[in-house]
Amino acid sequence: MKTFWVRAVNLVLIIALLIGYNTVLTLRDKDDQIAKLTADLESANLYKQSVMQSQEDAAGSSYEDGIWKGEAQGFGGTIQVEVTVEGGSITDISIVSAEKEDGAYLSMAEDIIPTIIDAQSADVDTISGATFSSTGIKNAVAQALEEAAK
Amino acid sequence: MSKIDIHHLTKKQRKQMHGWLRAIIQLLYFLFLPSAYTAAFAGVKYIFTQLGAGEKIGLTSFVSVLIVLCLYTIVFGRFFCGFACAFGSFGDAVHFVYVWICKKIKKKPVKLPETVTSKLSMVKYVVLAVIVLLCFKGVYSQTQGYSPWDVFSMLHAFNFKLGGYLLGIVLLVLIMVGMALQERFFCRFLCPMGAVFSLLPMLPFFTLKREREQCIKGCSACTKQCPSDIGLPEAGTLDVSGDCFQCQKCIDTCPRMNIHCGLQGLKGNEVVLTMIRALILLGLFIWLGI
């Protein structure tokens, strides 16, 4: 009888702690965001310049426009992706097929897609916990980009 | 129709039917939904990795699987462990084969003595603590290739690129030896996910109890049959043993049909309850998109 309540109280405490932890981080994130936006405003011109610079950089290593296909080994089988290149940069990556991957792992591994688009390159870190599936996506994108760079 | 049949079966037939039902459910989950246990534990690892790095904990697919399986276990007991976990079913199969071979060559199966098993069941908490600590320190990724689960999942997915997994393979083989000698060896002694489940406050409605005053004096048929050597708690209490996998073998073993789940009305219809639980779990898995 007693153990049940001890366990219940422990569980509630753990959940409360985790929620509290997350809330504190969210608040901190917001503060950081406000600070960042203020800083951005102050150096608006500088920021503009840097944006233009980075656009030039991207243009330097640009890919040919089109939809490029690539595939690579994931966890249980082949993963196929389609990479959309518009205006010389990667705008979208979609997974065409990944039949042999486990759902939970694949959806975790898909987090690598925005990272790749941000970096405009497949040379990014894999997702821990879903190493196989995210490596598969990464390598498939790399293969597609090789095509696009020709 | 099936309900009427159930009541007219002999004791032996009932036992066989329950055995078959469990084997079929286990086989189906093993073939089609083999990754839930690693996904749920990846949720535990993810939470501690984020805590250690001071990052926010997102509701990732791993965390969702973890939360859903924990809630399921709180309501239904460790039914997932007993019926749906691929690694648990694998252990049952290894043990079954070992006992079958012993029978064929007319040798008595070796069993671990109870004094040893009761101590070993604490090891899983150590395993959990070590893994969680490694995640918190951010060095868990350096243990790539050590996990017997990774090796098992890769073999299950017909992925045989096992270079760099030597320690994992050795551990898996050692675990298989243990699985043969002791039913539910891994689940009871080593499973870090089981350690999490066993610490949950499980509700008393669907977990098993016995009417102690009706027991035959000195009879311990249920404890002997139990893969975890549990002496079941008294009916009407909130006590649940964390090591009970809900395999329900004890129900058919009891000479007085004295064991039932918290809801008395379900007595004798445990088969229906088993199927309902299996279907609810299946529904949850489909909803989660595992």
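Here the structure is a predicted model, which is why all the values come from computation and not from measurement.

Digging into the overall build of chain A
Step number 1: When its secondary structure is counted, chain A shows 5 helices and 3 strands.
Step number 2: Sequence-ordered secondary structure for chain A, helices as α and strands as β, is α-α-β-β-β-α-α-α.
Step number 3: A total of 150 residues make up chain A; the buried ones form 26% of that total.

Describing the overall build of chain B
Step number 1: The helix and strand inventory of chain B stands at 15 helices and 2 strands.
Step number 2: Relative to the 2.2 N^0.38 estimate, which gives 19 Å for 290 residues, the radius of gyration of chain B is 20 Å and therefore close to what a compact globule would have.
Step number 3: Based on the C-alpha atoms only, the size of chain B along its principal axes is roughly 55 × 45 × 35 Å.

Details of the interface of chain A and chain B
In many analyses, interface size is given as the accessible surface area lost on bringing the parts together.
Step number 1: The partner chain B presents 25 residues to the 21 residues of chain A that form the contact.
Step number 2: Mapped onto the side of chain A that touches chain B, the elements with two or more residues apiece are helix 1 (2-42) and helix 3 (103-109) of chain A.
Step number 3: The leading source of residues in the side of chain A that touches chain B is helix 1 of chain A, at 9 residues.
Step number 4: In the side of chain A that touches chain B, the residues fall into 10 nonpolar, 8 polar and 3 charged.

Points about unusual backbone geometry
Step number 1: Look at Gln120 of chain A: it is not a glycine, yet its phi comes out positive at around 55 degrees.
Step number 2: Relative to the assigned elements, Gln120 of chain A resides in the loop between helix 4 (112-119) and helix 5 (131-149).
Step number 3: Residue classification places Gln120 of chain A among the partly exposed positions, given that 18 C-beta atoms sit within 10 Å.
Step number 4: Look at Met257 of chain B: it is not a glycine, yet its phi comes out positive at around 50 degrees.
Step number 5: Within the secondary structure, Met257 of chain B sits in the loop between helix 14 (249-253) and strand 2 (259-261).
Step number 6: Owing to 14 C-beta atoms within 10 Å, Met257 of chain B belongs among the partly exposed residues under this scheme.

Some details on helix 10 (residues 166-181) of chain B
Residue and element names in this part refer to chain B.
Step number 1: Over its 16 residues, helix 10 runs 23 Å from end to end, which matches the ideal 22 Å to within 8%, given 1.5 Å per residue.
Step number 2: Listing the buried residues of helix 10 in full gives Gly168, Ile175, Gly178, Met179 and Ala180.
Step number 3: Residues of helix 10 that are buried in the fold lie against helix 6 (86-104), helix 9 (148-156) and helix 11 (185-189).

Concerning the pairing of strand 1 (residues 66-73) of chain A
Step number 1: Relative to strand 2 (residues 78-86) of chain A, strand 1 of chain A is paired through 8 bridges, and the arrangement is antiparallel. Looking at the pairing, Lys69 of chain A lines up with Glu82 of chain A of strand 2 of chain A.

A closer look at the sheet that holds strand 2 of chain A
All names here are of chain A.
Step number 1: Read from one edge to the other, the open sheet built from 3 strands follows the order 1-2-3, with strand pairing classed as antiparallel. A strand with exactly one partner marks an edge of an open sheet, and here the two such strands are strand 1 and strand 3 (89-97). Averaged over all adjacent pairs, the angle separating strand axes in this sheet is 25 degrees, with direction ignored.
Step number 2: Set on the sheet, helix 5 makes contact with strand 1, strand 2 and strand 3; between it and strand 1 the angle comes to about 140 degrees.

What to know about the confidence of the model for chain A
Step number 1: Mean pLDDT over chain A stands at 85; residues scoring 70 or higher make up 87%.
Step number 2: When the elements of chain A are averaged for pLDDT, helix 2 (residues 44-60) of chain A gives the smallest value, 62, and strand 2 of chain A the largest, 91.

Quick word on helix 1 of chain A
Step number 1: Relative to the 60 Å expected for 41 residues at 1.5 Å per residue, helix 1 of chain A spans 60 Å between its end C-alpha atoms, a close match to the ideal helical length.
Step number 2: Taking burial as the measure, the 41 residues of helix 1 of chain A include 0 buried ones, a minor fraction of the element.

Focus on the UniProt feature "transmembrane region" (unreviewed entry) in chain A
Step number 1: UniProt annotation of "transmembrane region" (unreviewed entry) refers to residues 6-27 of chain A when read in the numbering used here.
Step number 2: The span residues 6-27 of chain A shows a helical share of 100% and a strand share of 0%, and its end C-alpha atoms are spaced 31 Å apart.

Considering the UniProt feature "domain: FMN-binding" (unreviewed entry) in chain A
Step number 1: Within this structure's numbering, the places UniProt gives as "domain: FMN-binding" (unreviewed entry) are residues 74-148 of chain A.
Step number 2: The straight-line gap between the two end C-alpha atoms of residues 74-148 of chain A is 22 Å; of that span, 44% is helix and 24% is strand.

Some remarks on the packing of helix 3 (residues 36-53) of chain B against helix 8 (residues 123-136) of chain B
Residues and elements named next belong to chain B.
Step number 1: Between helix 3 and helix 8, the least distance of the axes is 7 Å, while the angle of their chain directions is 40 degrees. By the angle class used here, helix 3 and helix 8 are oblique. Here helix 3 and helix 8 pass one another in a crossing that is right-handed. Contacts between helix 3 and helix 8 involve Val44, Lys45, Phe48, Thr49, Leu51 and Gly52 from the first element and Ile131, Val132, Cys135 and Phe136 from the second.
Step number 2: Grouping the amino acids of the contact of helix 3 with helix 8 by side-chain chemistry returns 7 nonpolar, 2 polar and 1 charged.

Thoughts on the packing of helix 4 of chain A against helix 5 of chain A
Residue and element names in this part refer to chain A.
Step number 1: Relative orientation of the contacting elements helix 4 and helix 5 amounts to 35 degrees, with a least axis distance of 10 Å. Of the two elements, helix 4 crosses helix 5, and the hand of that crossing is right-handed. Facing helix 4, whose interface residues are Ile112, Ile113 and Ile116, helix 5 presents Ser134, Ile137, Lys138 and Val141.
Step number 2: Along the lines of polarity and charge, the residues of the contact of helix 4 with helix 5 split into 5 nonpolar, 1 polar and 1 charged.

Describing the UniProt feature "transmembrane region" (unreviewed entry) in chain B
Residues and elements named next belong to chain B.
Step number 1: Taking the UniProt record as the reference, the feature "transmembrane region" (unreviewed entry) is found at residues 20-44, 56-74, 80-101, 122-140, 160-178, 185-203 and 271-289.
Step number 2: Span residues 56-74 is 74% helix and 0% strand, its end C-alpha atoms 26 Å apart.
Step number 3: This span, residues 122-140, is 74% helix and 0% strand, and a straight line between its end C-alpha atoms measures 22 Å.

Rules behind the numbers
Residues numbered from 1 in each chain as written. Chains lettered and ligands numbered in written order. Predicted model: local features only at pLDDT ≥ 70, side-chain atom pairs only at ≥ 80, totals over all residues. Helix = DSSP H or I, 4+ residues; strand = E, 2+ residues; numbered from the N terminus. Buried ≥ 20, exposed ≤ 12 C-beta atoms within 10 Å, placed from the backbone. Rg over C-alpha atoms; globule rule 2.2 N^0.38 Å. Contact = placed C-beta atoms within 7 Å. Nonpolar A, V, L, I, M, F, W, Y, C, P; charged D, E, K, R; others polar. Expected span 1.5 Å × (residues − 1). Pairing = 2+ DSSP bridges. Axes fitted to C-alpha atoms, helices over the stretch in contact; angles between N-to-C directions. pLDDT = per-residue confidence, 0-100. UniProt positions renumbered as here; feature names shortened; annotations may be inferred. Parallel < 35°, antiparallel > 145°, perpendicular 65-115°, else oblique. Left-handed = near helix turned anticlockwise from the far one by under 90°.

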